[in-house]
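# Coordinates in review
For reference, the chains in residue letters:
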Amino acid sequence: MEDKHMPHNLILEEKSKLSISGVVDVDTFDEAKIVLFTAEDTIEIEGSDLHIQKLNVADGELIIEGEITSILYLGKDTYHAKGKGFFKKILK
């Protein structure tokens, strides 16, 4: 299978709707935090009452609604290196 590099874009509307393209996978999500992966970065979105309105990994599209207070780029390998990954928590 050919690995396609999808650039990502973020569009934030009124701090309540975030559209992201180029999403490869979503790691974790709840009403306070969503962690997702693009080809180049790990992105952490924080806020309150967060909901995933649309997720299409085949097309790389993600739409989040809620009160968005923070968008943090963690780098490609930083998220799992910090021990925040699901399996790292279980194996501790």
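Check the entry above for the structure.
What comes next is a walk through the structure.

### Side note on the overall build of the protein chain
Of regular secondary structure, the protein chain possesses two helices and six strands. Considering the protein chain as a whole, with its 92 residues, one finds that 29% of them fall into the buried category.

### Quick look at the pattern of salt bridges
According to the stated counting rule, one finds two salt bridges in the structure shown. A salt bridge links Lys 54 to Glu 61; the nearest nitrogen and oxygen atoms lie 3.1 Å apart. Under the relative-accessibility criterion, Lys 54 is labelled partly exposed at 35%.

### A look at unusual backbone geometry
Positive phi is not limited to glycine here, since Lys 15 has a value of about 55 degrees. One can find Lys 15 in the loop between strand S1 (9-13) and strand S2 (17-21). Here Lys 15 falls in the exposed class, since its relative accessible area comes to 55%.

### Let's talk about the side chain of Thr 38
Along the chain, Thr 38 turns up in strand S4 (residues 33-38). Thr 38 gets classed as buried once you look at its relative accessible area, which sits at 6%. Aside from chain neighbours lying at most four places away, what touches Thr 38 is His 8, Gly 22, Val 24 and Ile 43.

### Some remarks on the environment of Gly 66
Locating Gly 66 in the fold gives a position in strand S6 (residues 61-73). Considering only alpha carbons, one finds Gly 66 and Ala 32, 34 residues apart in sequence, at a separation of 9.3 Å. Excluding residues within four positions of it along the chain, Gly 66 makes contact with Lys 15, Ser 16, Lys 17, Ser 48, Asp 49 and Leu 50.

### Considerations on the pairing of S4
Burial runs high along S4: five of the six residues are buried. Pairing of strand S3 (residues 23-29) with S4 involves five bridges; the strand directions are antiparallel. Among the inter-strand pairings, Val 26 is bridged to a residue of S4, identified as Leu 36. Between S4 and strand S5 (residues 42-56), which pair antiparallel in sequence order, lie three residues.

### Some details on a nonpolar patch on the surface
Among the surface-exposed residues, Leu 12, Ile 71 and Tyr 73 lie close enough to one another that they form a single nonpolar patch of about 250 Å² accessible area. Within the secondary structure, Ile 71 is located in strand S6. The class of Ile 71 is partly exposed, set by a relative accessible area of 33%.

Parameters and conventions
- Residues numbered from 1 in each chain as written.
- Predicted model: local features only at pLDDT ≥ 70, side-chain atom pairs only at ≥ 80, totals over all residues.
- Heavy atoms only, no water.
- Helix = DSSP H or I, 4+ residues; strand = E, 2+ residues; numbered from the N terminus.
- Buried < 20%, exposed > 50% of the residue type's maximum accessible area, 1.4 Å probe, protein only.
- Salt bridge = Lys/Arg side-chain N within 4 Å of Asp/Glu carboxyl O.
- Contact = heavy atoms within 4.5 Å.
- Pairing = 2+ DSSP bridges.
- Patch = residues over 30% accessible without salt bridge, like charges linked within 9 Å, V, L, I, M, F, W, Y side chains within 5 Å.
- Areas by Shrake-Rupley, 256 points an atom, 1.4 Å probe, with all protein chains shown as cover.

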